[in-house]
Amino acid sequence: MPPLPLSVDELLTTTRAVRRRLDLSRPVDPELIRECLQLAIQAPTAANRQDWHFVVVTDPEQRAGLAELYHDSWRQYRAGRSAGALSDDEGERAAVMRRVARSAQHLAEHLHEVPVHLIPCIARRPTDSVRSQSSLWGSIVPAAWSFMLAARSRGLGTTWTTLHLRYEREAAQLLDIPHDEVTQAALIPVAHYTGEDFSPAPRQPLDEVVHWDRW
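Criteria and cut-off values
- Residues numbered from 1 in each chain as written.
- Predicted model: local features only at pLDDT ≥ 70, side-chain atom pairs only at ≥ 80, totals over all residues.
- Heavy atoms only, no water.
- Helix = DSSP H or I, 4+ residues; strand = E, 2+ residues; numbered from the N terminus.
- Contact = heavy atoms within 4.5 Å.
- Lys, Arg positive; Asp, Glu negative; His and termini not counted.
- Charge placed at Lys NZ, Arg CZ, Asp CG, Glu CD.
- 1 Å grid on protein atoms, 1.4 Å probe; cavity = no way out; pocket = protein on both sides within 12 Å on 5 of 7 lines; lining within 4 Å.
- Points joined across faces, edges and corners; volume = space filled by probe spheres on them.
- Nonpolar A, V, L, I, M, F, W, Y, C, P; charged D, E, K, R; others polar.
- Buried < 20%, exposed > 50% of the residue type's maximum accessible area, 1.4 Å probe, protein only.
- Expected span 1.5 Å × (residues − 1).
- Polar contact = N/O pair within 3.5 Å; in protein donor to acceptor, adjacent residues only side chain to side chain.
- Axes fitted to C-alpha atoms, helices over the stretch in contact; angles between N-to-C directions.
- Parallel < 35°, antiparallel > 145°, perpendicular 65-115°, else oblique.
- Left-handed = near helix turned anticlockwise from the far one by under 90°.

(A) Molecular detail of the overall build of the chain. What the chain contains, in helices and strands, is seven helices and five strands. Put simply, of all contacts in the chain between residues at least 6 apart along the chain, 83% involve residues at least 24 apart. For the chain, the distance from the average site of its 24 positive side-chain charges to the average site of its 28 negative ones is 3 Å.

(B) Spotlight on the layout of surface pockets. Its volume calculated, the second largest pocket comes out at about 330 Å³. Of all the elements in the fold, those that place two or more residues in the lining of the second largest pocket are α3 (60-80) and α4 (92-110). The element that contributes the greatest number of residues to the lining of the second largest pocket is α4, accounting for five residues. The class makeup of the residues in the lining of the second largest pocket is 11 nonpolar, two polar and three charged.

(C) Spatial organisation of the environment of A95. Counting through the fold element by element, A95 comes out in helix α4. You can call A95 partly exposed: its relative accessible area is 25%. Each C-alpha atom of the pair A95 and Y70 lies 25 Å from the other, and the pair is 25 residues apart in sequence.

(D) Looking closely at α3. With 21 residues, α3 ought to run about 30 Å at 1.5 Å a step, and its terminal C-alpha atoms sit 30 Å apart, in line with that. For α3, the set of buried residues is R63, G65, L66, A67, L69, Y70, S73 and W74. The N-terminus of α3 is capped by D59, whose side-chain oxygen sits 3.0 Å from the backbone nitrogen of E61.

(E) Seen up close, the packing of helix α2 (residues 30-40) against helix α6 (residues 141-153). Look at α2 against α6: their axes get within 8 Å of each other, and the N-to-C directions meet at 135°. With respect to their mutual orientation, α2 and α6 come out oblique. Crossing of α2 against α6: the hand is right-handed. Residues I33, C36, L37, L39 and A40 of α2 touch α6, and the partners they reach there are A143, S146, F147, A150 and A151.

Below is the structure:
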């Protein structure tokens, strides 16, 4: 499938977290996933170790197992939030966060139907050292984001999720991942998206988050 005619800026500003608009009825060609992963492994890694791995889950039973872990984690996450934490807030950002919560709920209820679950992994375990953790996450997150950009350019929707990591060991057992040697970084649902195109998301003003020379 040829990439969409997007400029670099359009690609970077319209690669959205897609949860509600994932097409649950349309299969994804495995070759599309391979194309995106081929681009993903051009990302930088610490010391050029290239110790990334990607578990592509398409089997319905495996997806259902991951979705069950994810949903259990989602229920605990929601139960742990203070009652009315979002609904009592006001303003544009609060409205955005309520929409995010609704879309996250939708994903938790339908994750088992998403045709592809991608688990980006790194063949190391994290330590307490900031330097070590920076090296670990910095060696898998850029590749995963490159995958998501490549997917967007090919008409696929994705979102970065981490809720299943509450049960990382159980997920490792389900997928035969050697837990003591390999760290799972995320679960990325992948599907064609429904509807038309995506627009840039609302963000904080740049001057509120940029610091020159000092904080």
